[in-house]
There are 2 protein chains.
Amino acid sequence: MAGKSEAAPHPYVPADLQLSEYVPVSLPFSTIIGVYFLSSILVTSLVWTLSGRLPKKAKIERLLMCWWVFTGLTHMILEGYFVFSPEFYKDKTSFYLAEVWKEYSKGDSRYAARESGIVSIEGLTSVLEGPACILAMYAIATEKSYSYILQFAISLGQLYGTFLYYITAVLDGDNFSSGPFYYYAYYVVANSFWILIPSLIAIRCWKKICAAMNSEGHKKRKIR
Amino acid sequence: MAGKSEAAPHPYVPADLQLSEYVPVSLPFSTIIGVYFLSSILVTSLVWTLSGRLPKKAKIERLLMCWWVFTGLTHMILEGYFVFSPEFYKDKTSFYLAEVWKEYSKGDSRYAARESGIVSIEGLTSVLEGPACILAMYAIATEKSYSYILQFAISLGQLYGTFLYYITAVLDGDNFSSGPFYYYAYYVVANSFWILIPSLIAIRCWKKICAAMNSEGHKKRKIR
């Protein structure tokens, strides 16, 4: 339908992806990464410091609180912006969140192309899992009985989403990256944290819950 | 690319979906539904009867064992066949499982079209969740301490998959059904069981686990 003259030039792969009115990334790479990195450090330092004032909190619990706030804000702000901004690639104002996704799309152009699988996964992640992460932080802080099962549920959701993210890419030919750097740095390495950390948390919660069910079972058998 | 003469006629929507060498459904509707219905009844009756011989099994636990076997076999056999049979719509032998998916595609042509989101969801469901369902049945039978957390994990996976299934359809225009009957009977009603039942099981497991964590918490506080 669209003639060659209509195709806006963009840095994404495949080259025949139609993104009319595309506006190139204007912020430098160092700024895009730096802002995310520094604000993450700031937020986690704050949570680490404040959680130190809570009575009897183990270091592992304070670390987990940092993770839940970091990943929750990432889901709600970064991924939430993507979900509700279908035209981010047209942004002319150098708005930070639009720049993030213009840059990230070099690692996976399905974001710019607004592939329905990506939007669905990001939708569930930002709308359901994001707020649930903040609740998980609160549950650890206040030692709620649902703390482990909630952390387990969110971790499983993150794992499910990240697995689907990779499987759909492979099934569709795994050709959405603008080059080896973007492929490995953005698509592989950045996402791998959401395989590694949720796996560790899910295993920890599984063990804690099994231990509790076990002692519950012993108690019941004694009563009998 | 394909001229009008090359397009195989098929009953699916959208009509321009290319399915060369498509072979129409040959088994009658009543046979397709009847075999699934009767074999499900047979399997659940068997599980119900055998579970009755286990010592001290509540009815709810025996019902859950029936559900896990039914849903596990559905995942592994029906959905497993779909995942590993990309050319099911070309089947000329009236093979039952191919007929099931030819028929079901009238409710959602993304199956015949082999949309990557569908294949990914069905892949995780059949390969990971299917065997896990059978493990859940075994865990209930033998009162394993991981029984509730496993049932919770599978239910959450089923919910996540079914949600994504619907969200991707809506994002892609929700126009994959050959008519209102197929839309409601196959796409809406048949799948709704995998929203309803996993929700009920997830809530039950959540409550059981919270209760156990609660009494574990009390015990710890007493020791302090």
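Residues numbered from 1 in each chain as written. Chains lettered and ligands numbered in written order. Predicted model: local features only at pLDDT ≥ 70, side-chain atom pairs only at ≥ 80, totals over all residues. Heavy atoms only, no water.

Thoughts on the overall build of chain A
Argument step 1. Summing up its helical and strand segments, chain A has seven helices and zero strands in all.
Argument step 2. Ordered by position from the N terminus, the helices and strands of chain A form the series α-α-α-α-α-α-α.
Argument step 3. Taken over the C-alpha atoms alone, chain A extends approximately 80 × 40 × 30 Å along its principal axes.
Argument step 4. Within the span of chain A, comprising 224 residues, buried residues form 50% of the whole.
Argument step 5. If you take every contact in chain A between residues at least 6 apart in sequence, the share linking residues at least 24 apart comes to 70%.
Argument step 6. Accessible surface, chain A as shown: approximately 11100 Å² in total, 69% of it carbon and sulfur.
Argument step 7. Computed over 21 positive and 17 negative side-chain charges, the separation of the two mean positions in chain A equals 19 Å. (Helix = DSSP H or I, 4+ residues; strand = E, 2+ residues; numbered from the N terminus. Buried < 20%, exposed > 50% of the residue type's maximum accessible area, 1.4 Å probe, protein only. Contact = heavy atoms within 4.5 Å. Areas by Shrake-Rupley, 256 points an atom, 1.4 Å probe, with all protein chains shown as cover. Lys, Arg positive; Asp, Glu negative; His and termini not counted. Charge placed at Lys NZ, Arg CZ, Asp CG, Glu CD.)

As for the pattern of salt bridges
Proximity of charged atoms lets side chains of opposite charge pair with each other.
Argument step 1. Applying the stated criterion across every chain yields a total of eleven salt bridges over all chains.
Argument step 2. The shortest N-O distance in the salt bridge between Lys57(A) and Glu143(A) comes to 3.5 Å. One end of the pair, Lys57(A), is in the loop between helix 1 (29–51) and helix 2 (59–84); the other, Glu143(A), is in the loop between helix 5 (116–141) and helix 6 (147–171), with 86 residues separating them in the sequence.
Argument step 3. On the basis of relative accessibility, which here comes to 11%, the residue Lys57(A) falls in the buried class.
Argument step 4. A relative accessible area of 43% places Glu143(A) in the partly exposed class.
Argument step 5. Note that Glu87(B) and Lys90(B) form a salt bridge whose closest N and O atoms lie 3.0 Å from each other. (Salt bridge = Lys/Arg side-chain N within 4 Å of Asp/Glu carboxyl O.)

Re the packing of aromatic side chains
Argument step 1. Here the structure, examined in full by the defined rule, presents 58 aromatic pairs over all chains.
Argument step 2. Their ring planes at 75° and their centres at 5.5 Å tell us that Tyr12(B) and Tyr22(B) sit as a pair that is edge-to-face. Here the residue Tyr12(B) occupies a position in the segment before helix 1 (29–51), and Tyr22(B) occupies one in the segment before helix 1, the gap between them amounting to ten residues.
Argument step 3. Sitting over the ring of Trp48(A), Arg62(A) keeps its end group 3.9 Å from the ring centre.
Argument step 4. The ring of Phe176(A) carries Arg110(A) above its face, with NZ or CZ at 5.3 Å from the centroid. (Phe/Tyr/Trp six-rings, centres within 6.5 Å; stacked < 30°, edge-to-face > 60°. Lys NZ or Arg CZ within 6 Å of the ring centre and 35° of its normal.)

Digging into the relation of the copies chain B and chain A
Argument step 1. Under the fitted operation, chain B is carried onto chain A by 0.0 Å of movement along the axis and a turn of 180°, and the coordinates agree to an RMSD of 0.0 Å. Here the two chains are linked by the operation of a two-fold rotation axis.
Argument step 2. Looking at chain B, 100% of its interface residues are interface residues in chain A too, so the copies touch through the same face. (Least-squares fit on C-alpha atoms with pLDDT ≥ 70 in both.)

Let's talk about a nonpolar patch on the surface
Residue and element names in this part refer to chain A.
Argument step 1. On the surface, a cluster of nonpolar side chains totalling about 620 Å² of accessible area is made up of Phe29, Ile33, Phe37, Leu38, Ile41 and Phe181.
Argument step 2. It is helix 1 that contributes the most residues to the nonpolar patch, five residues altogether.
Argument step 3. The residue Phe29 is located in helix 1 in this model. (Patch = residues over 30% accessible without salt bridge, like charges linked within 9 Å, V, L, I, M, F, W, Y side chains within 5 Å.)

So, the nonpolar core
Argument step 1. Counting 62 residues, the largest nonpolar core has Trp101(A) and Trp101(B) as the members making the most contacts within it.
Argument step 2. Setting aside its immediate chain neighbours within four residues, Trp101(A) contacts Leu78(A), Glu79(A), Tyr81(A), Phe82(A), Phe88(A), Tyr111(A) and Glu122(A).
Argument step 3. Grouped together as the second largest cluster of nonpolar side chains are 56 residues, Trp194(A), Ala202(A), Ile154(B) and Cys210(B) included. (Core = buried A, V, L, I, M, F, W, Y, C linked by side-chain atoms within 4.5 Å.)

Side note on unusual backbone geometry
Argument step 1. For the bond from Val13(A) to Pro14(A), the omega torsion is 5°, close enough to zero to count as cis.
Argument step 2. Turning to its location among the elements, Pro14(A) is positioned in the segment before helix 1.
Argument step 3. If you check the backbone angles, Glu21(B) has positive phi at about 65° while not being a glycine.
Argument step 4. Mapped onto the elements of the fold, Glu21(B) is located in the segment before helix 1.

Regarding the environment of Val100(A)
All names here are of chain A.
Argument step 1. In this fold, Val100 is placed in helix 3 (residues 96–104).
Argument step 2. The exposure class of Val100 is buried, given its relative accessible area of 11%.
Argument step 3. Residues Val100 and Val25 lie 75 residues apart in sequence; the distance between their C-alpha atoms is 8.6 Å.
Argument step 4. Excluding residues that lie within four positions of it along the chain, Val100 makes contacts with Ile32 and Leu78.

Structural notes on the interface of chain B and chain A
Argument step 1. With 40 residues of chain B in contact, the opposing surface of chain A contributes 40 residues.
Argument step 2. Roughly 3400 Å² is buried in total at the junction of chain B and chain A, and carbon and sulfur atoms are behind 72% of that figure.
Argument step 3. Its largest share of buried area at the contact with chain A, chain B owes to Ile149(B), Tyr160(B) and Met213(B), together 19% of the area lost on that side.
Argument step 4. Taken together, the connections running from chain B to chain A amount to zero salt bridges.
Argument step 5. For the pair chain B and chain A, the interface holds six residue pairs in polar contact (both at pLDDT 80 or more).
Argument step 6. Listing elements by their share of the side of chain B that touches chain A, those giving two or more residues are helix 4 (116–141), helix 5 (147–171) and helix 6 (180–223) of chain B. (Buried area = accessible area lost by both parts, 1.4 Å probe. Polar contact = N/O pair within 3.5 Å; in protein donor to acceptor, adjacent residues only side chain to side chain.)

So, the UniProt feature "transmembrane region" (unreviewed entry) in chain A
Residue and element names in this part refer to chain A.
Argument step 1. According to UniProt, the "transmembrane region" (unreviewed entry) feature falls on residues 29–51, 63–84, 118–141, 148–169 and 181–203.
Argument step 2. Here residues 63–84 runs as 100% helix and 0% strand, with 31 Å between its end C-alpha atoms.
Argument step 3. Within the segment residues 118–141, helix and strand shares are 100% and 0% respectively, and the terminal C-alpha atoms sit 33 Å apart. (UniProt positions renumbered as here; feature names shortened; annotations may be inferred.)

Description of empty space enclosed by the protein
Argument step 1. Summed over all chains, the structure comprises two cavities of 30 Å³ or more.
Argument step 2. What the largest cavity holds in volume is close to 50 Å³.
Argument step 3. Lining the largest cavity are Gly117(A), Ile121(A), Leu164(A), Thr168(A), Gly117(B), Ile121(B), Leu164(B) and Thr168(B).
Argument step 4. Those elements that place two or more of their residues in the lining of the largest cavity are helix 5 and helix 6 of chain A together with helix 4 and helix 5 of chain B.
Argument step 5. Of the volumes computed, that of the second largest cavity is approximately 30 Å³.
Argument step 6. Around the second largest cavity, the lining residues are Gly107(B), Ala169(B), Asp174(B), Phe176(B), Ser177(B), Tyr183(B) and Tyr187(B).
Argument step 7. By residue class, the composition of the lining of the second largest cavity is four nonpolar, two polar and one charged. (1 Å grid on protein atoms, 1.4 Å probe; cavity = no way out; pocket = protein on both sides within 12 Å on 5 of 7 lines; lining within 4 Å. Points joined across faces, edges and corners; volume = space filled by probe spheres on them. Nonpolar A, V, L, I, M, F, W, Y, C, P; charged D, E, K, R; others polar.)

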